[in-house]
Each structure stands twice: as structure tokens, then as C-alpha cells.
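# Chains, contacts and geometry: an overview
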Amino acid sequence: MLLSKVAILKFNQVEKERRETVTKLIEAYWEKSNILMKVLSVCAGALVILHILILLFKIGYFPQVLFTYIVWSATFVLSRIYLSKNILVNVFLASLAAGSWLFFPNWLTIDIAGLMIVAMLFATLKVSLRSIVLIAVGMTMYDFIAVYCLDSMVTAAKAAIENNLPICFIIPKSFSLHDNSRLFLLGLGDIFIPGLIVKSEIEDNRDKYWWLPRTKRIRLTPLFLIGGQILGIGLAFVSAIFFKQAQPALIFIIPIMLLILAMKYLVTTKDKSLKDF
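Residues numbered from 1 in each chain as written. Predicted model: local features only at pLDDT ≥ 70, side-chain atom pairs only at ≥ 80, totals over all residues. Heavy atoms only, no water.

### Section: the overall build of the protein
- A count of helical and extended segments in the protein gives 10 helices and 2 strands.
- When burial is assessed residue by residue, the protein has 35% of its 277 residues classed as buried.
- Residue pairs in contact within the protein that sit at least 24 positions apart in sequence constitute 64% of those at least 6 positions apart.
- Counting only carbon and sulfur atoms, one obtains 72% of the accessible surface of the protein, whose full area is about 17200 Å². (Helix = DSSP H or I, 4+ residues; strand = E, 2+ residues; numbered from the N terminus. Buried < 20%, exposed > 50% of the residue type's maximum accessible area, 1.4 Å probe, protein only. Contact = heavy atoms within 4.5 Å. Areas by Shrake-Rupley, 256 points an atom, 1.4 Å probe, with all protein chains shown as cover.)

Shown next, in the form of C-alpha cells:
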């Protein structure tokens, strides 16, 4: 009996050491591998999860499968960067976010899924201010044509809402999860593209923490840009109510933000002491 207990304890100790060794190997691989291998690892894990979901729940509709993969991968990357280096924690949070949207679709889970996608893009993309301004102008022109001329953006938004796809932020009329009535829809691009302008402006001024930069002065330009984005969204909302039709939010947001950047350039050019404005 005593020998049996000793054997069990020894076996448990060996098993514990084995698990710790495997965990260390995985962590070491993750830390030392290049970005390509990390991306491939995330994709492989997500595809395994999707395969299991398809087999168990017979999910055959491609958009749901595609966006499950996107939401899972986005949440995995975000949790890996900001929350924990433990792969099991990353997988759990990613599965929770993707599963909540897939199996319990409502305005809240859809908005959270969309937020994960936008946040992941913010965290991983780095674009110069000049480049993102050119992209923003091009996307604003496309938004105008797609809404007013081709009506393709409205059609895509309706199809997304009917299939509960997280390509829009839903502002509900009430906060009840069982109420499907919507007050306003805001595309992910209407948040992402202006937000990337703010991020690029901050990075171009080399302030790691824009709210408290090395100069110990709060820079006003990022705050003005965020305020301009909010103002543009508000104008798009008012315009949608007044004209009783969908409005491309970027045609309100981007001109305001470009005007703020132009004013900053003119002010700082005339007065060099305001370079940290």
C-alpha cells in the first residue's frame, strides 16, 4: 500500500515536470519565433477551432465561419499582446468572444466582436500620417459613391445585419439584449480609419503616451482629432434622421479631421514654439 502511494506520488511528480517542460517549450517557441510563425500558429489554432465547430454544430454558412475565424484571431492577438502570455488563457478568451457572438448574437455581442477586430487592427498596424490621410481621402470618395451612387454599401449593411455579421457597430434604441430595434448603424471603417489618423499623428510626433508626453504637456491635437471624429459621427446621425436615408459617415468625419490637421500645420509653421501642440 505504501509502495503504491510512493509510486503514485512519483508518477504525479514526473507528470507535473513533463507538463511544465512542454509549457516552457511552447512559451520559448512563441517568444523566439518570428512574426510569420506566430501568424501561422494563430491561423492553425483558429482553423482547428472552426473545424470542430463545423463538425459539432454543422455550421455551413461561409460568412459566419469566416467572421468566427476573424473574431477568434483578433481576440487571441489582443489578449496575447495586452493581457497574458499564457496560450491557454489566450485561447479561452478568443473562444469566448467568438462563441458569444456566434451562438448568442445580439447588439452587444456583435459590437464586442466588431470592437475586437478594430482593436486588433489598431494594435498591429503602423502607417505614416501622410499614407493614412491619402487612404482616408480615397475611402471617403468610395464611401460617397457606394452609398449615393451604387447603393452597394447600404445593401451590404442590410445583408450583414440580417446575418448578424460584425461589420457594423449597432447603437440600439434600448439596452435590452432581446430588443432588435436599432437607432443607428456605424461601420467599422468609420471608427477604424479616423482612429488610425489619430494614432499615426501621435506616432509621427514620437509621443509614446500622448496624454502625458515627455514634454509633460498634454498635446491638444489628438484630443481635437478625437473631438472631430465624434462631431462627424454626430453630424452623420443628424443627417440620417433629417434626410431619412443612410449617410456615409466618412464624408462628415474625414473633412473635419483634415481641417484640424491643416490648422495645426499652419499654426506650427508660423510659431515654432508650438511644435508640441
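Having seen the model, we can carry on.
### Observations concerning the packing of helix H6 (residues 129-149) against helix H8 (residues 188-204)
- Running from N to C, H6 and H8 point in directions that differ by 165°, and their axes come no closer than 9 Å. In terms of orientation, H6 lies roughly antiparallel with respect to H8. Our pair here, H6 against H8, has a crossing hand that is left-handed. Counted together, Leu129, Ile132, Ala136, Met139 and Asp143 of H6 and Asp190, Ile193, Leu196, Ile197, Ser200, Glu201 and Asp204 of H8 form the full contact between these two elements.
- Classifying every residue of the contact of H6 with H8 gives 7 nonpolar, 1 polar and 4 charged. (Axes fitted to C-alpha atoms, helices over the stretch in contact; angles between N-to-C directions. Parallel < 35°, antiparallel > 145°, perpendicular 65-115°, else oblique. Left-handed = near helix turned anticlockwise from the far one by under 90°. Nonpolar A, V, L, I, M, F, W, Y, C, P; charged D, E, K, R; others polar.)

### Examining a nonpolar patch on the surface
- On the surface, a nonpolar cluster with roughly 340 Å² of combined accessible area is contributed by Ile135, Met139, Tyr142 and Met153.
- No other element matches H6, which puts 3 residues into the nonpolar patch. (Patch = residues over 30% accessible without salt bridge, like charges linked within 9 Å, V, L, I, M, F, W, Y side chains within 5 Å. Salt bridge = Lys/Arg side-chain N within 4 Å of Asp/Glu carboxyl O.)

### Some details on the environment of Asp143
- Mapping Asp143 onto the fold places it in helix H6.
- On the accessibility criterion, Asp143 (8% relative accessible area) is buried.
- On a C-alpha basis, the gap between Asp143 and Met153 in space is 7.6 Å, while along the polypeptide they are 10 residues apart.
- Non-local contacts of Asp143, meaning those with residues more than four positions away in its chain, are made with Met153, Asp190, Pro248, Ala249 and Leu250.

### A closer look at the pairing of strand S1 (residues 168-172)
- Counting buried residues along S1, 4 of its 5 residues qualify, which places the element largely inside the surrounding structure.
- The pairing of S1 with strand S2 (residues 182-187) spans 5 bridges and is classified as antiparallel. Paired with Cys168 across the two strands is Gly187, which belongs to S2. (Pairing = 2+ DSSP bridges.)

### Quick look at the layout of surface pockets
- There is about 950 Å³ of room inside the largest pocket.
- Put simply, the parts of the chain that give the lining of the largest pocket at least two residues each are helix H5 (107-124), H6, helix H7 (152-162), S2, H8 and helix H9 (221-243).
- For the lining of the largest pocket, the element with the most residues is H7, which contributes 7 residues.
- When grouped by side-chain class, the residues that make up the lining of the largest pocket number 28 nonpolar, 4 polar and 5 charged. (1 Å grid on protein atoms, 1.4 Å probe; cavity = no way out; pocket = protein on both sides within 12 Å on 5 of 7 lines; lining within 4 Å. Points joined across faces, edges and corners; volume = space filled by probe spheres on them.)

### Section: the side chain of Asp190
- Assignment of secondary structure puts Asp190 in helix H8.
- When near neighbours in sequence (up to four residues on either side) are disregarded, Asp190 contacts Asp143, Gln229, Ala249, Leu250 and Ile253.

### As for unusual backbone geometry
- Positive phi outside glycine occurs at Lys244, with the angle close to 55°.
- Exposure remark for Lys244: the relative accessible area of 76% places this residue in the exposed category.

### Describing the packing of aromatic side chains
- Evaluation of the coordinates by the stated rule reveals 5 aromatic pairs.
- Each ring, one from Phe184 and one from Phe237, has its centre 5.1 Å from the other, and the planes form 75°; the classification is edge-to-face. On the criterion of sequence distance, the pair formed by Phe184 in strand S2 and Phe237 in helix H9 is long-range, its members being 53 residues apart.
- Phe237 gets classed as partly exposed once you look at its relative accessible area, which sits at 25%. (Phe/Tyr/Trp six-rings, centres within 6.5 Å; stacked < 30°, edge-to-face > 60°.)

### Here's the deal with the packing of H6 against H7
- Between H6 and H7, the least distance of the axes is 5 Å, while the angle of their chain directions is 80°. On the basis of their axis angle, the class for H6 and H7 is roughly perpendicular. Contacts between H6 and H7 involve Tyr142, Asp143, Ala146 and Val147 from the former and Ser152, Met153 and Val154 from the latter.
- Classifying every residue of the contact of H6 with H7 by side-chain character gives 5 nonpolar, 1 polar and 1 charged.

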